Amino acid sequence: MSETQFSAQLREATAVIHDDVEHTDFMVNLMEGRLDAEAYATLLTQYEVIYAALEDRDRMFADDPVFAPFHDPRLERHERIVSDLTALGSGDIAVTEAALDYASRLAAIETPEAMIAHHYTRYLGDLSGGQAIGTLMGRHYGIGDDALTMWDFSDLGKTKPYKDAYRARLDEVAATGGDEQAVTAETLDAFALNGTLLAELTAAREQSVA
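Residues numbered from 1 in each chain as written. Predicted model: local features only at pLDDT ≥ 70, side-chain atom pairs only at ≥ 80, totals over all residues. Heavy atoms only, no water.

A. Seen up close, helix α5 (residues 78-88). All of the buried residues along α5 are I81, D84 and L85. Down the axis of α5, the buried side of the element spans an arc of 100°, and every buried residue falls inside it. Within α5, the exposed residues directed more than 90 degrees away from the buried face are E79 and T86. The inward-facing, buried residues of α5 abut α4 (37-60). Just past α5, the residue G89 takes up positive phi, approximately 60°. (Buried < 20%, exposed > 50% of the residue type's maximum accessible area, 1.4 Å probe, protein only. Helix = DSSP H or I, 4+ residues; strand = E, 2+ residues; numbered from the N terminus. Arc of directions from axis to C-beta. Contact = heavy atoms within 4.5 Å.)

B. Spatial organisation of the pattern of salt bridges. By the definition in use, this model includes nine salt bridges. Among the ionic pairs, E76 bridges to R59, the shortest N-O distance being 3.2 Å. With E76 in the loop between α4 and α5 and R59 in helix α4, this pair connects stretches of sequence that are 17 residues apart. Judged by relative accessible area, R59 falls into the partly exposed class, the value being 45%. The closest approach of N and O atoms between R80 and D155, which form a salt bridge, is 3.9 Å. Here R80, found in helix α5, pairs with D155, found in the loop between α8 (131-141) and α9 (159-171); they are 75 residues apart in sequence, far enough to count as distant. Here the salt bridges share partners, and the residues they tie into one network are R105, E186 and D189. (Salt bridge = Lys/Arg side-chain N within 4 Å of Asp/Glu carboxyl O.)

Put into structure tokens, the structure is as follows:
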């Protein structure tokens, strides 16, 4: 292994696919104000299924010595997503096959390394670039704060120290008996699942306006 800390190795190993996912047409158009509040509600509907599965599995691994340092109930988003969807009054929005497949993958997690990978992909993303989403949804589409609680992490205090501490925990994965390579492999799969979801939303949006 390189002497580079694992958190940096993981970021480097996933940089290309991370960038590809962020630049999926649906996400770019949503963030640049070219869609509408319904498009945001559609994304949130997919997240409701995904985070329900993620957080159910998170609680199952809470006492695992490899995963336990990452478990933090303050990160949980599912109840907030449900509340946001109610505030949006989004009606009957279909859950995509990609979201169902993603949720199934999460429900089948059997190792702490896989749990860390998906936890990292979702929550550290929410604490990083995801923070812009709430601001832009309000600015572009007039969505009120009561429908954007998904992005409120004020319970954690300042996000930078929290993210720094999270990365430090990643650097200790091997020391707690975890397999770094397994975390990296599953993180690549997690980003791929996100990419497939956004590609499906892109295709559905294009079809709806054709």
